[in-house]
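Geometric and topological summary
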Amino acid sequence: MIAAFSISPATADESGGVAEAVAAAVRVVRDSGLPHETNAMFTNIEGEWDEVMAVVKAAVDAVAAVSPRVSLVLKADVRPGWDGQLTAKVERLERAMER
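The rules behind each value
Residues numbered from 1 in each chain as written. Predicted model: local features only at pLDDT ≥ 70, side-chain atom pairs only at ≥ 80, totals over all residues. Heavy atoms only, no water. Core = buried A, V, L, I, M, F, W, Y, C linked by side-chain atoms within 4.5 Å. Buried < 20%, exposed > 50% of the residue type's maximum accessible area, 1.4 Å probe, protein only. Helix = DSSP H or I, 4+ residues; strand = E, 2+ residues; numbered from the N terminus. Contact = heavy atoms within 4.5 Å. Expected span 1.5 Å × (residues − 1). Arc of directions from axis to C-beta. Patch = residues over 30% accessible without salt bridge, like charges linked within 9 Å, V, L, I, M, F, W, Y side chains within 5 Å. Areas by Shrake-Rupley, 256 points an atom, 1.4 Å probe, with all protein chains shown as cover. Salt bridge = Lys/Arg side-chain N within 4 Å of Asp/Glu carboxyl O. Lys, Arg positive; Asp, Glu negative; His and termini not counted. Charge placed at Lys NZ, Arg CZ, Asp CG, Glu CD. Pairing = 2+ DSSP bridges. Axes fitted to C-alpha atoms, helices over the stretch in contact; angles between N-to-C directions.

This part takes up the nonpolar core. The biggest cluster of nonpolar side chains holds 14 residues, and the ones touching the most others in it are Phe5, Ile7, Ile45 and Val52. Mapped onto this core, the elements with two or more residues apiece are strand 1 (2-9), helix 1 (19-32) and helix 2 (49-64). No other element matches helix 2, which puts 5 residues into this core. Aside from chain neighbours lying at most four places away, what touches Ile45 is Met1, Ile2, Ala3, Phe5, Val29, Ser32, Leu34, Pro35, His36, Val52 and Val55.

Now for helix 2. Across its 16 residues, helix 2 extends 22 Å between first and last C-alpha, which sits within 8% of the 22 Å expected from 1.5 Å per residue. For helix 2, every residue scored as buried is listed here: Val52, Val55, Val56, Ala59, Ala62 and Val63. Seen from one end, helix 2 has its buried residues packed into an arc of 120 degrees, which puts them on one side. Away from its buried face by more than 90 degrees, helix 2 exposes Asp50 and Lys57. The inward-facing, buried residues of helix 2 contact strand 1, helix 1, strand 3 (43-46) and strand 4 (70-77).

For the rest of this paragraph, the subject is the environment of Val29. Locating Val29 in the fold gives a position in helix 1. In this structure the C-alpha to C-alpha distance between Val29 and Ser6, which are 23 residues apart in sequence, comes to 12 Å. In this structure, Val29 is in contact with Phe5, His36, Thr43, Ile45 and Val55, ignoring residues within four places of it in sequence.

So, about a positive patch on the surface. Taken together, the side chains of Arg79, Arg92, Arg95 and Arg99 make up a positively charged region of the molecular surface. Mapped onto the elements, Arg92 comes out in helix 3 (residues 85-97).

So, on to the sheet that holds strand 2 (residues 36-38). Read from one edge of the open sheet, 4 strands run 2-3-1-4, paired in antiparallel fashion. Two strands lie at the open edges of the sheet, namely strand 2 and strand 4, each paired on one side alone. Here the strands of the sheet are splayed against their neighbours by 15 degrees on average, with no regard to which way each runs. Pairing geometry for strand 1 and strand 4, over 8 bridges, is antiparallel.

With that settled, the discussion passes to a negative patch on the surface. A cluster of acidic residues, Glu48, Asp50, Glu51 and Asp83, forms a negative patch at the surface. Considering the arrangement of structural elements, one finds Glu48 in the loop between strand 3 and helix 2.

All chains considered together, the criterion is met by 2 salt bridges. Put simply, Asp61 and Lys57 hold a salt bridge, and the shortest N to O gap is 2.9 Å. Residue Asp61 and its partner Lys57 are located together in helix 2, separated by 4 residues, close to a single helical turn. Residue classification places Asp61 among the partly exposed residues on the basis of a relative accessible area of 41%. According to the relative accessible area criterion, Lys57 is exposed, its value standing at 52%. Note that Lys89 is salt-bridged to Asp77, the shortest N-O span being 2.7 Å. Of this pair, Lys89 sits in helix 3 while Asp77 is found in strand 4, placing the two residues 12 residues apart along the sequence. Since its relative accessible area comes to 38%, Lys89 is described here as partly exposed.

Rendered as structure tokens:
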């Protein structure tokens, strides 16, 4: 499965930013060893259901350590038996764009 998720604390720092809290969540994802990528709005992660959801929970817990309330947005593409789709989906799109 591929999960795209965004985690944000309900409280911001003195400048209104949430980068430090989000960095804690992204650190959890990067330390997981699962294929992942982070962009301006979401972090995408690929793996088996249980391992992906465990990472998402740990990332939420990391943000909850600095905020009494956490927002989580999650979208998943559940396709058993398909690996490497984090990059393969984009490669298929790029090939289609060349036509």
